[in-house]
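Per-entry structural report
Residues per chain, in single letters:
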Amino acid sequence: MQLTQTITAQNDERAVSPVIGVILMVATTVILAAVIGTFVLGLGDQVQQTSPNAQWTWDQPTDTKLELTHQGGDTVAVDRVIVTGGDNIDSTNDCDVNNDWSDSNAEITAGDTCANIPTGDAGGTYRFVWTADGGGSSSTLSTYDA
């Protein structure tokens, strides 16, 4: 009888190791499920750049020109925005913000004005469009009906 008792563990010491093992296996399973679920469902792709929050005003000093002024809010990188609409407008290259909106390193801040936006003869709706880095998304910051 003595030999049997020395080979087998006491009843109060037997459950410690299996319980810890089960807890570790469950924790590992939960962590793996979370990581795999993130990749499979593409939750990491939902993090996107948000468009700048700024106020803009349009003015039409002449029949053939528009001006767009940054009234306040976030600064905007020049290489992230374009003016679209009208006849042939597809960029901000004709703008003068502090004499140079065409400088791709420039930042548009409060008080800066894009002058000399040609309206042509057609008029129409003009849009000031911001595009995220990498072109993943875009947003219309302001519109104007000429």
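Everything discussed here concerns the structure shown above.
Residues numbered from 1 in each chain as written. Predicted model: local features only at pLDDT ≥ 70, side-chain atom pairs only at ≥ 80, totals over all residues. Heavy atoms only, no water.

**Comments concerning a nonpolar patch on the surface**
- A surface patch of nonpolar side chains, amounting to about 430 Å² of accessible area, comprises Leu32, Ile36, Val40 and Leu41.
- Looking at the secondary structure, you find Leu41 in helix α2 (residues 16–41).
- For Leu41, a relative accessible area of 62% translates into the label exposed. (Patch = residues over 30% accessible without salt bridge, like charges linked within 9 Å, V, L, I, M, F, W, Y side chains within 5 Å. Areas by Shrake-Rupley, 256 points an atom, 1.4 Å probe, with all protein chains shown as cover. Salt bridge = Lys/Arg side-chain N within 4 Å of Asp/Glu carboxyl O. Helix = DSSP H or I, 4+ residues; strand = E, 2+ residues; numbered from the N terminus. Buried < 20%, exposed > 50% of the residue type's maximum accessible area, 1.4 Å probe, protein only.)

**Examining the sheet that holds strand β2 (residues 65–73)**
- One open sheet holds the 3 strands; their spatial order is β1-β2-β6, and the pairing between them is antiparallel. With one partner strand each, in any of the chains shown, β1 (54–62) and β6 (113–118) form the two edges of the open sheet. Each adjacent strand pair in this sheet contributes to an overall mean axis angle of 25°, direction not counted. (Pairing = 2+ DSSP bridges. Axes fitted to C-alpha atoms, helices over the stretch in contact; angles between N-to-C directions.)

**A short note on the sheet that holds strand β8 (residues 138–145)**
- Overall, antiparallel pairing links the 3 strands, which are arranged β4-β7-β8 in an open sheet. On the outer flanks of this sheet lie β4 (81–85) and β8, each paired with one strand and no other. Strand-to-strand twist of the sheet, defined as the mean angle between neighbouring strand axes without regard to direction, takes the value 20°.
- Where strand β7 (residues 125–131) lies against β8, 7 bridges are found, and the strand directions are antiparallel. Residue pairing across strands places Thr131 opposite Ser138, the latter belonging to β8.

**Details of the nonpolar core**
- Formed by 18 residues in total, the largest nonpolar core has its most connected members in Trp56, Trp58, Leu68, Val81, Ile108, Ile117 and Phe128.
- Counting only elements with at least two residues in this core, the list comes to β1, β2, β4, β6 and β7. (Core = buried A, V, L, I, M, F, W, Y, C linked by side-chain atoms within 4.5 Å.)

**Thoughts on the side chain of Asp112**
- Positionally, Asp112 belongs in the loop between β5 (107–108) and β6.
- Within the buried set, Asp112 has no salt-bridge partner at all; the shortest N-O distance to an opposite charge, 16 Å, is to Arg80.
- Of the polar contacts made by the side chain of Asp112, one reaches the backbone nitrogen of Thr109; its length is 2.8 Å. (Lys, Arg positive; Asp, Glu negative; His and termini not counted. Polar contact = N/O pair within 3.5 Å; in protein donor to acceptor, adjacent residues only side chain to side chain.)

**Describing the packing of aromatic side chains**
- Taken as a whole, this structure holds 2 aromatic pairs when the rule is applied.
- The interplanar angle of 15° and the centroid separation of 5.6 Å between the aromatic rings of Trp58 and Tyr144 together place this pair among those described as stacked. Placement of the pair is Trp58 in strand β1 and Tyr144 in strand β8, with a sequence separation of 86 residues.
- In this structure Trp58 comes out as buried when scored by relative accessible area, which is 14%. (Phe/Tyr/Trp six-rings, centres within 6.5 Å; stacked < 30°, edge-to-face > 60°.)

**Let's talk about the pattern of salt bridges**
- Summed over all chains, the structure comprises 1 salt bridge.
- A salt bridge links Arg80 to Asp133; the shortest N-O distance between them is 2.8 Å. Placement of Arg80 in the loop between β3 (76–77) and β4 and of Asp133 in the loop between β7 and β8 is noted, with a sequence separation of 53 residues between them.

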